[in-house]
Amino acid sequence: MWNAAVHAEYLHDHSDYGFATENAQFSWETLKAKRDAYVSHLNRIYRNNLDRAKIQTIQGYARFTDDPEPTVEVNGRKLTAPHILIATGGQPSVLSDDEVPGASLGITSDGFFELETLPKRSVIVGAGYIAVEMAGILATLGSKTSLVIRQTGVLRNFDAFISANCTKELQNNGVDLWKNSQVTSVSKTDKGLEVTIVTKDPEKKNDEKTSTIEEVECLLWAIGRQPNSSGLNIGSMGVDTDERGNIIVDEFQNTSRPGIYAVGDVCGKALLTPVAIAAGRKLAHRLFEGKKDSKLDYSTIPTVVFSHPPIGTVGLTEEEAIKSHEKENVKIYKTSFTPMYHAITSRKSQCIMKLVCAGKEEKVVGLHMQGLGCDEMLQGFAVAIKMGATKADFDNTVAIHPTSSEEFVTMR
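Reading the values: the criteria
Residues numbered from 1 in each chain as written. Predicted model: local features only at pLDDT ≥ 70, side-chain atom pairs only at ≥ 80, totals over all residues. Heavy atoms only, no water. Helix = DSSP H or I, 4+ residues; strand = E, 2+ residues; numbered from the N terminus. Buried < 20%, exposed > 50% of the residue type's maximum accessible area, 1.4 Å probe, protein only. Pairing = 2+ DSSP bridges. Axes fitted to C-alpha atoms, helices over the stretch in contact; angles between N-to-C directions. Core = buried A, V, L, I, M, F, W, Y, C linked by side-chain atoms within 4.5 Å. Contact = heavy atoms within 4.5 Å. Salt bridge = Lys/Arg side-chain N within 4 Å of Asp/Glu carboxyl O.

Visitor: Would you explain unusual backbone geometry in this entry?
Guide: Looking along the chain, the bond that leaves His308 and enters Pro309 is cis, with omega of 0°. By the element assignment, Pro309 lies in the loop between strand E15 (303-305) and strand E16 (311-315). His401 connects to Pro402 through a cis peptide bond whose omega is 0°. Among the secondary structure elements, Pro402 is positioned in the segment after helix H9 (391-395). Unlike most non-glycine residues, Asn233 shows phi in positive territory, near 60°. Mapped onto the elements, Asn233 comes out in the loop between strand E13 (225-227) and strand E14 (260-262). Asn233 gets classed as partly exposed once you look at its relative accessible area, which sits at 22%.

If you want it as structure tokens, here you go:
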């Protein structure tokens, strides 16, 4: 879906590059059919891989029993083993109609993939990466989109440099941003949904303004995720969870009950698919290959937000670096420029980059960027930072010209 939105962006630039594309039309239906077919193809590949590995697949809802030994029951059948792994993932958080009247009239990111047509009018609620990605896709493909956030910016857990720039880019791309706002009710009319929003003035505590967005075809809640741990009866097994239901594990993915392990989103840490895969591999190496020290290093995990333009980030934010290394031991390098791609386009989008360095040797402990191609740039830089690269190492690397990535090795 993000790739389709990128195509829509490039259409605005075609005339500047000499191409005539006045009659270009977009079909959500065509895209959805091809996307769904591809996902089905992937599902078949994964199922075939399991079959080839002679892994028995049992489809159903599993829960732990009250038996003395760790036992799982599925479809009335009890299963036990020396090693049981919980990898049930997570799901989008939802609000009840008691919390926000009419909240159930909205959908989550799961429902986004079931949309049969492109909504003419969309409202996204949330400030995290899923909200940012959904708003960017819908707006870029032609849906009039509003994004409702509780504070003044999106991606508040990211480096402030990235948060501020992404907030600006959303508005530059036509997203109607409602800051310091919350949805208080949703109702259904013959013309669509009516979303009531309360906006607070941060400088005046009691100053509130109530507004309504009408004729909404898609209200999407992107207000966080929660673990798929309820209904597993893990409490009877002595498996500890935190107040949100995340399964508590140690650095080796062990739960509080010997022989039961957990990886992925159900643990509530670094909610990324590659993280779950990596943790699972490390666990398998430890349990079945005798590598007793095998564990995933959860520090310096690279991540990309598929915003417009995309964001790449790895390591500590400036604020985190100051907390862990003290302000006088942290040095920041940053830049902002227009990528060469936009040299001749009327549509402009900045690229911003930031290095967070610590100590006398200026070890690079954080790298943050937003701009064209930043999604593909990040992996290589993440390897260097994981290996302990310093600013001098970056400086000693010859630049690739003309590219945006060369800015990281020419910063002064």
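On we go.
Visitor: Even after reading the chapter, I still don't get the sheet that holds strand E2 (residues 71-74), so can you show me in this structure?
Guide: Sheets are built from strands paired through backbone hydrogen bonds, the pairs being either parallel or antiparallel. Taken in spatial order, the three strands of this open sheet run E1-E2-E3, and their pairing is antiparallel. Since the sheet does not close on itself, it has two edges, and those belong to strand E1 (62-64) and strand E3 (77-80), each with one partner. For this sheet the average axis-to-axis angle between neighbouring strands, irrespective of direction, equals 30°.

Visitor: Explain the nonpolar core here, please?
Guide: In summary, soluble globular proteins display a tendency toward joint burial of nonpolar side chains. Among the nonpolar cores identified, the biggest contains 34 residues, and Phe112, Ile124, Leu147 and Val154 are the most heavily contacted of them. Element by element, the count of residues in this core is highest for helix H4 (residues 129-141), at eight residues. In this structure, Phe112 is in contact with Met1, Trp28, Ile107, Met134, Ile137, Leu138 and Leu220, ignoring residues within four places of it in sequence. In this structure, Tyr333, Leu355, Phe381 and Ile385 belong to the second largest nonpolar core, which totals 20 residues.

Visitor: Quick question: what am I supposed to make of the pattern of salt bridges here?
Guide: Side-chain pairs of opposite charge can arise where the charged atoms are in close proximity. Scanning the model with the defined rule gives 15 salt bridges in all. One salt bridge connects Glu208 with Lys200, and the closest N-O pair in it is separated by 3.9 Å. Salt bridges sharing partners connect three or more residues here, namely Lys32, Arg35, Asp36 and Glu116.

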